[in-house]
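Coordinate inspection notes
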Amino acid sequence: MHTAYISHPLCREHDAGPWHPEAPARLAAIEDHLIATGLDPLLRHYEAPQATREQLLRVHDAAYLDALDLRSPEHGVIHVDPDTAMNPLTLEAARHAAGAAVRAVDLVLAGEVQNAFCAVRPPGHHAERRRAMGFCFYNNVAVGAAHALASGQVQRVAIVDFDVHHGNGTEEIFHHSEQVLFCSSFQHPFYPYTDLNFRAPNVVHAPIPAGLGGEAFRVAVDEAWLPALARFAPQMLFISAGFDGHRDDEMSQLCLTEDDYAWATRVLHALAAEHADGRIVSVLEGGYDLPALARSVRAHLDVLLS
Ligand SMILES: [Zn+2]
C-alpha cells in the first residue's frame, strides 16, 4: 500500500514577512531533504485542491469566513493578531492547505493509498470556529475530520496532536462531539495558555513541563493517549503533526528528537492498524528549525511508508 504526499505550490506563497518563523522555506526544507535522502520517489504525490466553502463551513462559521475574505489585503501584509498575518495569497494558500486534508481523506477512504501526509501551510490547529490565531486561519485537520464523518463511511475518528502547542482550535471545534476523540500533548504552561480545568469527555490532555524530553513525552502518550484511543477504537486516525517540540527548535523548551517522533508514529501506526484498517491522515502543523523539521518529517514518513 501507498503513502500520499499532498501539497500545493501556493502553500509557499503565504508569507507573513521576513521575520516570521512560519516561513515558506519550511516546505522547501522538507522537500529538499526527502529528495536528498531518496524518500521522495517512494511517495505518491498529489496536488491539493482548494477546500470548498461547504467543506470549510463544517468547522467554521459563515460570518468568520466572510470577515476573513473582507480583510484579505490587495497589497502588503495585514495582521489579524500579533502573530498571525495575511498577504494577498494567504487565503488561497489556506484553502489549499485545508483542501489537502480533504483530498487525503478521499484517497484513504477510497483505498487508493493506506495513509497520507499533507505538507501544507499555513497550519491549522489553533484556528477556532470563529477565530484565526497562532499562525492559523482554517483548521486543516478539523476540515479533514469533518469531511471523513460527512462521507458516512466512518462514524468515529480520533485526532492526535503532538505539536508542542496545545491544539486549542481543534478542541474548541469538536469538544463534546461523540464522533471525535481529541488527544493533545503540549508544553505546559505555554502558548496558547489553555485552561486545563476545562474538560470535555472526548478530550485528553497530556501536558509536559518545559525542559523535559522524549521520556516524558513517551510516558504521556502511553498513559494518557493510548488507553483512551483503544477504548474509543477510531475508524480513522488524524495526526496534527507539529515538530516544534524538537530540541533544536527555538520555539519551545521541550527536548524531543526525530526518534521520538518516529516512536510516536509507530505507536499510532499500530493503533490504526488494529482499529482503523491502517487509515491515517497526517497534517503538518508547526516546526521551525528547518533541519530538525526536515529530519523529523522524514522520520514520520519512514514509519507511514512501512
Ligand atoms: Zn506549534
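The structure we're discussing is the one just above.
What you see is a predicted model, and the numbers here were worked out from it, not measured in a lab. (Residues numbered from 1 in each chain as written. Predicted model: local features only at pLDDT ≥ 70, side-chain atom pairs only at ≥ 80, totals over all residues. Heavy atoms only, no water.)

Remarks on the overall build of the protein
Just so we agree on the cut-off: Helix numbers and strand numbers start at the N terminus; a helix is a DSSP run of H or I with at least 4 residues, a strand a run of E with at least 2. The atom set for the radius of gyration is the C-alpha atoms, and the globule formula is 2.2 Å times the number of residues raised to the power 0.38. Relative accessibility decides the category of a residue: with a 1.4 Å probe and only protein chains considered, values under 20% of the type maximum give buried, values over 50% give exposed, and everything between is partly exposed. Whether two residues touch is decided by their heavy atoms; if any such pair falls within 4.5 Å, the residues are in contact. Here the open area of atoms and residues is found with the Shrake-Rupley method and a 1.4 Å probe, where only the protein chains shown may cover a residue. None of His or the chain ends enter the tally, which takes Lys and Arg as positive and Asp and Glu as negative. Note that the charge is assigned to NZ on lysines, CZ on arginines, CG on aspartates and CD on glutamates.
In terms of regular secondary structure, the protein is built from 9 helices and 10 strands. Against the globule reference of 19 Å for 306 residues, the protein gives a C-alpha radius of gyration of 17 Å, in line with a compact fold. Dimensions of the protein, computed from C-alpha atoms along their principal axes, come out at roughly 50 × 45 × 40 Å. Relative to its full complement of 306 residues, the protein shows a buried share of 61%. Intrachain contacts of the protein at a sequence separation of at least 6 include 73% that bridge at least 24 residues. Accessible area of the protein: about 11400 Å², with a carbon and sulfur share of 52%. Taking the average place of the 21 positive charges on the side chains of the protein and the average place of its 39 negative ones, the gap between the two points comes to 4 Å.

So, the coordination of the zinc ion
This is how it is decided: Donor atoms are limited to N, O and S found within 2.8 Å of the metal ion, a distance that becomes 3.2 Å for Na, K and Ca. With water left out, some sites might look partial. A four-donor site is called tetrahedral if each angle lies between 85 and 135 degrees; a four-donor site is square planar, and a six-donor site octahedral, when trans pairs exceed 155 degrees and the remaining angles lie between 65 and 115; all other cases are labelled irregular.
Looking at the zinc ion, the protein donor atoms are Asp163 (OD), Asp163 (OD), His165 (ND1) and Asp244 (OD), and they sit 2.0 to 2.8 Å from it. Because the angles between the 4 donor atoms bound to the zinc ion fall within 53 to 152 degrees, the donor set is best described as irregular.

Some remarks on the pattern of salt bridges
Rules: Salt bridges are identified by distance alone: a Lys or Arg side-chain nitrogen within 4 Å of an Asp or Glu carboxyl oxygen.
Going through the model one piece at a time under the given rule, you end up with 10 salt bridges. Here Arg130 makes a salt bridge to Asp61, at a shortest N to O gap of 2.7 Å. Here Arg130, found in the loop between strand E5 (115–118) and helix H5 (140–150), pairs with Asp61, found in the loop between helix H2 (53–57) and helix H3 (62–71); they are 69 residues apart in sequence, far enough to count as distant. The exposure class assigned to Arg130 is exposed, which follows from its relative accessible area of 52%.

Quick look at the sheet that holds strand E2 (residues 44–47)
As a general point, the strands of a sheet are linked pairwise by backbone hydrogen bonds and lie either parallel or antiparallel. Put simply, the test is: In short, DSSP must find at least two bridges between two strands for them to pair. To get an axis, fit a line to the C-alpha atoms, keeping to the stretch in contact for a helix; angles then go from 0 to 180 degrees between the N-to-C directions.
Sheet architecture is open: 8 strands sit in the order E2-E1-E5-E10-E9-E6-E7-E8, paired in parallel fashion. Bordering the open sheet on either side are E2 and strand E8 (203–208), each of which pairs with just one other strand. Neighbouring strand axes in the sheet, compared pairwise and without regard to direction, differ in orientation by 15 degrees on average. Relative to E8, strand E7 (residues 180–187) runs parallel, the two being bridged by 6 bridges. Bridging across to E8, Gln187 finds its partner in Ile208. Packing against the sheet, helix H7 (residues 214–232) makes contact with strand E6 (157–161), E7, E8 and strand E9 (236–241), and its axis sits at approximately 175 degrees to E8.

Some points on the nonpolar core
We count it as follows: We define the nonpolar core as a collection of buried residues of types Ala, Val, Leu, Ile, Met, Phe, Trp, Tyr and Cys that are connected through side-chain atoms lying within 4.5 Å of one another.
Judged by nonpolar contacts, the single largest core of 96 residues is most densely connected at Trp225, Leu229, Met236 and Phe238. Sort the elements by how many residues they give to this core and helix H4 (residues 90–109) lands first, with 12 residues.

Quick word on the pairing of E6
Our working rule: Note on handedness: a clockwise path from strand one over the helix to strand two, with the strands aimed away from the viewer, defines a right-handed crossover.
Within E6, 5 of the 5 residues are buried, which leaves the element mostly enclosed by the surrounding structure. Residues Val157, Ile159 and Asp161 line one face of E6 and the alternating positions Ala158 and Val160 line the opposite face, and both faces are buried. Examined bridge by bridge, E6 and E7 share 5 bridges and lie parallel to one another. Each residue of the ladder has a partner; that of Ala158, found in E7, is Leu181. After leaving E6, the chain enters helix H6 (residues 168–174) and then returns to the sheet as E7, a path that is right-handed. Judged from the 5 bridges that link them, E6 and E9 form a sheet pairing that is parallel. Along E9, the bridge assignment pairs Val160 with Ile239.

Points about the side chain of Asp244
Filter applied, for reference: Any pair of nitrogen or oxygen atoms within 3.5 Å is treated as a polar contact; in protein, a donor-acceptor pairing is required on top of that, and neighbouring residues in sequence qualify only through side-chain atoms on both sides.
You can see Asp244 is positioned in the loop between E9 and helix H8 (258–275). The side chain of Asp244 is buried and forms no salt bridge, while Arg26, the nearest opposite charge, is found at 7.1 Å. Among the polar contacts made by the side chain of Asp244, one reaches the main-chain amide nitrogen of Val164 at a distance of 2.9 Å. Separated by 3.1 Å, the side chains of Asp244 and His165 make a polar contact. Among residues more than four places away in sequence, those in contact with Asp244 are Asp163, Val164, His165, Asp249, Met251, Ser252, Tyr261, Gly286, Gly287 and Tyr288.

Functional significance is not addressed by these values, which are geometric in nature.
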